[in-house]
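What the coordinates show
Residue strings, one per chain:
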Amino acid sequence: FQPQEFLRKKRDGEELSTDDIRAFIDGIGTGVVGEAQIGAYTMATYLNGMTTREIVDLVMAMRDSGTVADWSAAGIDPARVIEKHSSGGVGDEKITLLVVPIVASAGVFIPNMSAWGLDYCPGEIDMLDSVPGYDGAPSVQSFVDTVVRTGGAIIGPSPELAPADGTIFKVRDTTATVESVALITGSIMSKKLAANPSGVVISVGCGDGAFMHTLDRARELANSMSNVASGAGIPSVIMITELNSVLGTTVGSAVEMIETVDFLTGAERDPRVLELVLELTSEIIVMAGLASDLAAGRAIALDELTSGRAAERFGRILAAQGCPADFVERARDYLPVAAVIRPVFASGTDAGSGTGSDAGSGSGTGFVEWMDTTDIGLTLVELGGGRQKPEDDIDFTVGFSEFVQLGDEVSPERALCVVHARTEDEWQRAAARIRADVRVVANPAPGALPIIIEKIA
Ligand code: URA
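Please read all numbers here as calculations on a predicted model, not as lab measurements.

This next bit is on the pairing of strand E2 (residues 110–113). Residues Ile-110 and Asn-112 line one face of E2 and the alternating positions Pro-111 and Met-113 line the opposite face, and both faces are buried. Note that E2 and strand E3 (residues 152–155) share 4 bridges and pair parallel. Paired with Asn-112 across the bridge in E3 is Ile-154.

This paragraph deals with the domain arrangement of the protein. Considered domain by domain, the protein is made up of domain 1 (3–48), domain 2 (78–334) and domain 3 (340–441). A separation of 27 Å is found between the C-alpha centroids of domain 2 and domain 3. Taken together, the contact between domain 2 and domain 3 spans 24 residues of the former and 27 residues of the latter. Of all the secondary-structure elements, those providing two or more residues to the side of domain 2 that touches domain 3 are helix H6 (124–129), helix H8 (163–173), strand E6 (251–252) and helix H11 (253–265).

Take the sheet that holds strand E12 (residues 438–441) next. Within a sheet, neighbouring strands are paired by backbone hydrogen bonds and run either parallel or antiparallel to one another. The strand order E10-E8-E12 describes an open sheet built from 3 strands, whose pairing is antiparallel. The outermost strands of the open sheet, each flanked by one partner alone, are strand E10 (409–410) and E12. In this structure, strand E8 (residues 366–371) lies alongside E10, joined through 2 bridges in antiparallel fashion. Across the sheet, Phe-367 pairs through a bridge with Glu-409, a residue of E10.

Once that is clear, we can look at the UniProt feature "domain: Pyrimidine nucleoside phosphorylase C-terminal" (unreviewed entry) in the protein. The UniProt feature table records "domain: Pyrimidine nucleoside phosphorylase C-terminal" (unreviewed entry) at residues 367–441. The span residues 367–441 is 36% helical and 25% strand by assignment, and the distance between its end C-alpha atoms comes to 5 Å.

The antiparallel open sheet is built from 4 strands, whose spatial order is E6-E9-E11-E7. The open sheet has two edge strands, E6 and strand E7 (340–344), and neither has a second partner. In this fold helix H18 (residues 424–437) packs onto E7 and strand E11 (417–421), with an angle of close to 150° to the strand it touches most, E11.

Definitions and limits used
- Residues numbered from 1 in each chain as written.
- Predicted model: local features only at pLDDT ≥ 70, side-chain atom pairs only at ≥ 80, totals over all residues.
- Buried ≥ 20, exposed ≤ 12 C-beta atoms within 10 Å, placed from the backbone.
- Helix = DSSP H or I, 4+ residues; strand = E, 2+ residues; numbered from the N terminus.
- Pairing = 2+ DSSP bridges.
- Domains from an automatic or database assignment.
- Contact = placed C-beta atoms within 7 Å.
- UniProt positions renumbered as here; feature names shortened; annotations may be inferred.
- Axes fitted to C-alpha atoms, helices over the stretch in contact; angles between N-to-C directions.

Listed below in structure tokens is the structure:
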């Protein structure tokens, strides 16, 4: 196998054979294919796309780069094993951490394979890595054991399950090649099929805070993943979600862990986050055969949440993955904290002595009409909360909390958000960027549109 010949074909828009694709993915595992060649492949695929047949071949080759979980051998009913995923969005990564304990507590088995942050969208595993002791890459045996014992586990790219994804993922993250239907389908569906569920529920973000910026592109990705699921013989529900603005009130690793714990314990629940969580959990509960319709599934999910059982289950799942047993009770004591934490006001009155200028919008009073959510995600990357090179470590402490929502009123008392930064300089740069990213107008502005745009079953 000659990687450069394979790349020439891809570059020139020729269709790749099943054998070509398998040899390339196998070559990643054996070291025949290097990181530069993966970068060339991802860029050529971003530019030229892949046919439906090629995408299916890519998913299967990536799945087969490792082993596949076996639930019958583990002694549980495979029909109760359901997986979920999100294609990514700014603030969306906490959703998986909320869904897993709710459905696990309801009796579903959910062996979740999630991911690190990708370009301007943060990731579940970066959030979990902010918790001391968390093991996001256990052996398959230990992953399966955790799912059997606690109903759920959340792991990242693993050396045993779809390992090709972990390698390609790191390259995509830093080469502006994420927003590709073929590559996202390959990444998500290879992991879902390696977890070997009886069905999948997936959300595809649509809008400025997601990878698919238009409804047509979101539908294309949803149909591509639905097609792979049908080909694999499992049912899927794919929800297209409205992600033009920040989802929930936090963005970043440790701050989103706090929002997750507060949501589960009932201290604070953002309404759009709650709606999305209930939509996803009810579909999963029905798919696992634990409720006859969505209304019944929703009632079960709500009861698991409001009774506190889901919060308790989250603690058990995390403890089984190496985290402190009392993490849910004492999250704020365990999570790392940034050096500079201050609110950013629309008026720029927070600018501090360093800039001497008022970068904001006049009086700083008004209503939030629009936000450049891609740039908010990129600001997190600049703060150190995302990667600029594949090998970079990220800073778990940085991010944004108390983020305004569309339609919210801001004033000299109500900030746009609180920025968590490593240094005063980094805080200043992020604050200026956030002020430019959030448009405040004098007249009342509408709130965000409903979180679910449509579902493809
Ligand atoms: N999540 C993944 O696991 N992969 C992607 O490509 C996008 C979101």
